[in-house]
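# Observations on chain architecture
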Amino acid sequence: MYTTSELERQIATARASVERNRRLQRLLVNPDFKALIQEDYLTTYAKNALNVAASLPNNPQREVALNDALGASSLFNWLQSVEAIGAREEARIPGYEEMLAEIRNEEVIQNG
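Residues numbered from 1 in each chain as written. Predicted model: local features only at pLDDT ≥ 70, side-chain atom pairs only at ≥ 80, totals over all residues. Heavy atoms only, no water.

## Overview of the side chain of Asn21
- Note on placement: Asn21 falls in helix α1 (residues 4-28).
- The exposure class assigned to Asn21 is buried, which follows from its relative accessible area of 12%. (Helix = DSSP H or I, 4+ residues; strand = E, 2+ residues; numbered from the N terminus. Buried < 20%, exposed > 50% of the residue type's maximum accessible area, 1.4 Å probe, protein only.)

Okay, structure coming up:
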């Protein structure tokens, strides 16, 4: 069972995740973000980096190219994580709020 302060913190954290996802959704429809980040960096640059890495099997530049590709992959994964966490937390907020209301009602009854 949660305490009032735990639920209040949980709700605040969930709302922050929802807001982060909303900001991301605005970015994802921004034409500049689409062109520069989604198309140029996450798609074209990452593919080129992997191709360079594949063509340099025993070259020190291979590691640089692999790191570049991993960076793009990490950003892509993080963006997906922001979306998933935001959606999950948005779905949980009503339950948290309901539990908080129940706890507050019990406290009112107990303190009568």
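## Some remarks on the packing of α1 against helix α3 (residues 60-111)
- At a minimum axis distance of 7 Å, the contact between α1 and α3 shows a crossing angle of 150°. Comparing the axis directions of α1 and α3 gives the class roughly antiparallel. Judged by the sense of rotation from one axis to the other, the crossing of α1 with α3 is left-handed.
- When its residues are assigned to classes, the contact of α1 with α3 shows 15 nonpolar, six polar and ten charged. (Axes fitted to C-alpha atoms, helices over the stretch in contact; angles between N-to-C directions. Parallel < 35°, antiparallel > 145°, perpendicular 65-115°, else oblique. Left-handed = near helix turned anticlockwise from the far one by under 90°. Nonpolar A, V, L, I, M, F, W, Y, C, P; charged D, E, K, R; others polar.)

## Some details on the environment of Ala14
- Position of Ala14 relative to the elements: it lies in helix α1.
- The class of Ala14 is buried, set by a relative accessible area of 0%.
- Each C-alpha atom, one on Ala14 and one on Leu36, is 30 Å from the other, the two residues being 22 residues apart in sequence.
- Discounting chain neighbours no more than four positions away, the residues touching Ala14 are Glu89, Ile93 and Tyr96. (Contact = heavy atoms within 4.5 Å.)

## A look at the side chain of Ser17
- Structurally, Ser17 can be placed in helix α1.
- Residue Ser17 is classed as buried on the basis of its relative accessible area of 9%.
- Ignoring anything within four residues of it in the chain, the contact list for Ser17 reads Ile85, Gly86 and Glu89.

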